Structure formats: C-alpha cells, structure tokens
Amino acid sequence: MYQMLSLFMKKPLLTLTFFTTILLFVVISLSPSSLFSQIPLNYAIVESDIWSSKRILEWRPCKWWLQGHLTALPAESNGYIRVDCYGGLNQMRRDLCDGVGVARLLNATLVLPKFEVAAYWNESSGFADVFDVDYFIEQLKGFINVVKELPAELALKEPVRVDCSKRKGQFDYVESVLPSLLEHRYISITPAMSQRRDRFPLYAKAALCQACYSALRLTSVLEKKSNELLEAIPKPFLSLHLRFEPDMVAYSQCEYSGLSPASMKAIDAARGDRKPFIGETARVWRSRGKCPLTPNETTFILQSLLIPKNTNVYLAAGDGIMELEGLTSIYTNVVTKSSLLSGEDFKNMHGNTKAALDYYVSINSDAYVATYFGNMDKMVAAMRAYKGLYKTLFLNRKDFADFTSQGLKGKELMEALKKAHRDDFVMGRGSALPDCFCDFKL
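About the criteria used
- Residues numbered from 1 in each chain as written.
- Predicted model: local features only at pLDDT ≥ 70, side-chain atom pairs only at ≥ 80, totals over all residues.
- Heavy atoms only, no water.
- Helix = DSSP H or I, 4+ residues; strand = E, 2+ residues; numbered from the N terminus.
- Buried < 20%, exposed > 50% of the residue type's maximum accessible area, 1.4 Å probe, protein only.
- Areas by Shrake-Rupley, 256 points an atom, 1.4 Å probe, with all protein chains shown as cover.
- Disulfide = S-S within 2.5 Å.
- Core = buried A, V, L, I, M, F, W, Y, C linked by side-chain atoms within 4.5 Å.
- 1 Å grid on protein atoms, 1.4 Å probe; cavity = no way out; pocket = protein on both sides within 12 Å on 5 of 7 lines; lining within 4 Å.
- Points joined across faces, edges and corners; volume = space filled by probe spheres on them.
- Nonpolar A, V, L, I, M, F, W, Y, C, P; charged D, E, K, R; others polar.
- Pairing = 2+ DSSP bridges.
- Contact = heavy atoms within 4.5 Å.
- Axes fitted to C-alpha atoms, helices over the stretch in contact; angles between N-to-C directions.
- Right-handed = clockwise from strand over helix to strand, strands pointing away.
- Polar contact = N/O pair within 3.5 Å; in protein donor to acceptor, adjacent residues only side chain to side chain.

Caption draft 1: The overall build of the chain, seen in detail. Across its full length, the chain holds 23 helices and twelve strands. Taken over 442 residues, the chain has a buried fraction of 48%. Roughly 23,100 Å² of accessible area belongs to the chain as shown, and the carbon and sulfur atoms make up 57% of that amount.

Below you can see the structure in the form of structure tokens.
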C-alpha cells in the first residue's frame, strides 16, 4: 500500500487518471438510464435468436432418389397417363408429383398434365403457363418417359377417367388401375390425397421425387418476374407464410375472441353451414393444433423466438389476410408482392402465377416461417432442404394452444414457446420431408 501511494505521489498524472476512471464508473453504474441498470443480473450475455441454435440433424435427398435413373425403364410402355390436377398451385403440384409416381409404378408414359381452370381460384393458367415444359421432360429422362403429343391413333381421343379417390398403396393401383390402362391405352387420374407413397417401390418413389423437386422450373417469363420481386425485397429478409383469411378461418371451424367487427363479419359470411365448434369439442380441436394462428399470435411467437422487430419481412400471402395490423404494428418492415411490383404484366397475373411468385421468393429467402402446414409450406420446406437452406420453421399451433390453456402468459409463455420451437428447429421436426429426404446427423 505504501509503495502504491509513493507511486501516485511521484506521478500525479497517473493518480488523476486512476481516480477519474473510478469516479466515471460509479456515476455510470448508478445512473437510472445506464445500460447496466437495464440488464437483469441473470442475463450476462444478450440471447441470440432461434437461427443461432445448433442443429443436430438435417434433411438431404435420399441416395435411392439420386440414383433412381440408374434403374432401366422397361422396353415397352403399358399405355399413357395424364394427371389431372385440381385446386391451388401447390395442391396441383402435389397431385402432379404423386401422379408421376403412379405412372412409373404402372409402367406408363406420362402425358403433360392438365391443370384445372377454376373460377374459385380466379385461375386460367395451364401447366405450360407456369412451368418450363422442355426442362420438365429433360429432367425426368431415365426416371419416366414424358411426351408432349400422343400417337396418331390416340391423339383425337379423350382419356378414360379412372377414379383413384380410394387408392392408397402399390397393390391398389396395380389391381384396380392397371387393367383400365391396359384396356384403353390412355387414361387420366387424380391420385388420392391419402395414398401411401412409402408402399411404392423405390424406382416409382424416385420418379415422384425427381418430378417434384428437380423437374419443375418456372417459365422464363415467370422466373424473370420472380427475380425482379426477389431483388426488390430489402435484404436480408424472412419470408412469412401467414394464413388468416376468412375462408381459412371458416373452414377450420374455430372460434376467436377479440377480432374486429369487420373480421367477424367476413368470417360469418364465409362460414355458410360450417358452424364453429363449441364447448369441449372446441377445446379438443384447438388443442390438436387445428386453429390458424392470428397475426397477433404469430407476432407474439416471433418475439418469443427473439426475431428482431426491425427484421425485413416478406408476407407470402394473398390480399385477404385479416387483422394484419397485429403483425405490422410490431414488425414494421413488412412488404408484399403487391407493394413491390407494378405494371400490366403483374396486374394480369392470377392465382397460379401469383402463387408462383410467393413460392419462388420463399425458397430463396434467408429464412422461412410458416404459420400453417399446407401444401405450399411442405413444398417450400422440401425445396429449401434440397437447396441446402435450413432456416425453416413451422410455428407450432398445438404447443401454443397447450401452453395458453395451461394459463401461461407473458414472459412465462414466451419462454415455453422459445424452448418448444428451438427443440423443433434443432431436430428438424415438422418439415414433412421423409418421402424423398433422409435425415443425416450432424
């Protein structure tokens, strides 16, 4: 101590610096606006968002798919199959993928698919209006034969429609559909939604996977417009597929409180005879994760996951989202295709082509978050895995319902949601990828 005092007496500048530093530290520490005073003692380090969590496995294309072209195609075909696709773009894409698998299973030649012209979807786009036909044919070489035109003896005929609504497995198709194919030589099918792809032989599954994830490229015109949109979005950005349209809510048969009168009126108009569940049935239905998340609930979960409020968010959705201010009041950097694109070519786009823009942006985004688990979400998740992009997450409606039913609120609810979603992300759960992708431990 005596030596330290002696040193200070000999070097007054050192003394002044020492005591000034101590005084400054005391003033800052006691100040009510101090950074230190705002950090709880148990938060020594600022927490990072969910994407910084280290994954322990990831999904990659299975080896049997990538080598599927090595299985030689039979010398002769059993006939021709056209896949008739219905619904929105991603539902039709699912029908097409399944149809390719069925056609390969039955040793058929694939005719270019037919996309439904649907007034409900405000849609008139055919397969060739959305996807590059020549690329589709080229990518499927070795997996299945595809033709643009039928042979002369069949060219003027309509295909014989074969009902596949109850066909699930390999033997269903072989026993019930193959005889019609052999008899008529040209049939059309729409694969059953409930079919069991896992029962298909690997060569048929490989054709399905190749069609779904390698062979479908947008037309040059549509890809150019998609790139224009992608370039206009501030970077980096998160693509959010938010589903809270009146028909979506009405179809779910879920009841919501706290919505605006305008939203309630829109939902009631869309319900028709489909009334919301009540009582114990409503509670069980919600606990099973069947109720779409509201924009307010979505925002709460995003905040729980420590997604910064200044994140650039691309809203991959139509124009009918209700209660959107629940999201935009917190996450203020939200953009849509309508806000970024203009011109006659965009105004002339309808259901399929507009959905293709959202799909393209979502598979190329820095991160993708879905509030539901529909056809688009499954396709986007798979394509992102195919491209090696793993910042993909499905918000867990079931866990949200369970935690809120237990009475969790505020910080306690946020902590529970953060842990549940972090576990999902780390394990790669909920990505609907097993059909064509195999898990690899990291």
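Caption draft 2: Main features of the state of the cysteines. Applying the stated criterion to the full structure yields four disulfides. The disulfide bridge from Cys 62 ends at Cys 438, spanning 2.0 Å between sulfur atoms. Residues Cys 62 and Cys 438 are joined by a disulfide whose S-S torsion is about 110 degrees; by sign, that bridge is right-handed. Here Cys 438 lies in strand β12 (residues 437-441) and Cys 62 lies in the loop between β1 (57-61) and α4 (63-66), a separation of 376 residues in the sequence. Take Cys 62: its relative accessible area is 1%, and that puts it in the buried class. Each sulfur of the disulfide joining Cys 97 and Cys 212 lies 2.0 Å from the other.

Caption draft 3: Region of the structure containing the nonpolar core. Formed by 80 residues in total, the largest nonpolar core has its most connected members in Ile 81, Leu 106, Phe 127, Phe 136, Tyr 173 and Tyr 213. Membership of the second largest hydrophobic core comes to 36 residues, among which are Tyr 256, Met 322, Phe 400 and Phe 403.

Caption draft 4: The arrangement of empty space enclosed by the protein in detail. A full pass over the atoms with the stated rule returns two cavities of 30 Å³ or more. Of the volumes computed, that of the second largest cavity is approximately 30 Å³. Every residue along the wall of the second largest cavity is listed here: Leu 89, Asn 90, Arg 93, Phe 131, Leu 218 and Tyr 359. Top contributing element to the lining of the second largest cavity by residue count: helix α5 (residues 89-105), with three residues. Residues of the lining of the second largest cavity, tallied by class, amount to four nonpolar, one polar and one charged.

Caption draft 5: Quick look at the sheet that holds strand β10 (residues 367-370). Pairing is parallel in the open sheet, where five strands are placed in the order β9-β8-β7-β10-β11. In the strand order of this sheet, the two ends are held by β9 (334-335) and β11 (392-394), each with one partner. As paired strands, strand β7 (residues 237-241) and β10 are joined by four bridges and run parallel to one another. Within β10, the residue paired with Leu 240 across the bridge is Val 369. Sheet strands in contact with helix α21 (residues 375-386) are β7, β10 and β11, and its direction is about 155 degrees off that of β10.

Caption draft 6: Summary view of the pairing of β10. Here β10 shows two buried faces, one formed by Ala 367 and Val 369 and the other by Tyr 368 and Ala 370. As paired elements, β10 and β11 share three bridges and run parallel to each other. Bridge pairing in β11 links Ala 370 to Phe 394. In this fold, β10 hands off to α21, which returns the chain to β11; that crossover is right-handed.

Caption draft 7: Structural context of the side chain of Thr 371. Tracing the backbone through its elements, the reader meets Thr 371 in the loop between β10 and α21. A distance of 3.2 Å separates a polar side-chain atom of Thr 371 from the backbone nitrogen of Arg 243. Not counting residues up to four positions away in its chain, the partners in contact with Thr 371 are Leu 240, His 241, Leu 242, Arg 243, Leu 293, Thr 298, Leu 395 and Arg 397.

Caption draft 8: Structural context of the sheet that holds strand β2 (residues 80-85). Strand order in the open sheet formed by five strands is β4-β3-β2-β6-β5, with parallel pairing between adjacent strands. Here the strands that pair on one side only, and so sit at the sheet edges, are β4 (146-147) and β5 (160-161). The pairing of β5 with strand β6 (residues 186-189) spans two bridges and is classified as parallel. Paired with Val 160 across the two strands is Ile 187, which belongs to β6. Each of β2, β3 (109-115) and β6 touches α5; the most contacted strand, β2, lies at about 160 degrees to it.

Treat this as a map of the structure, not an account of what it does.
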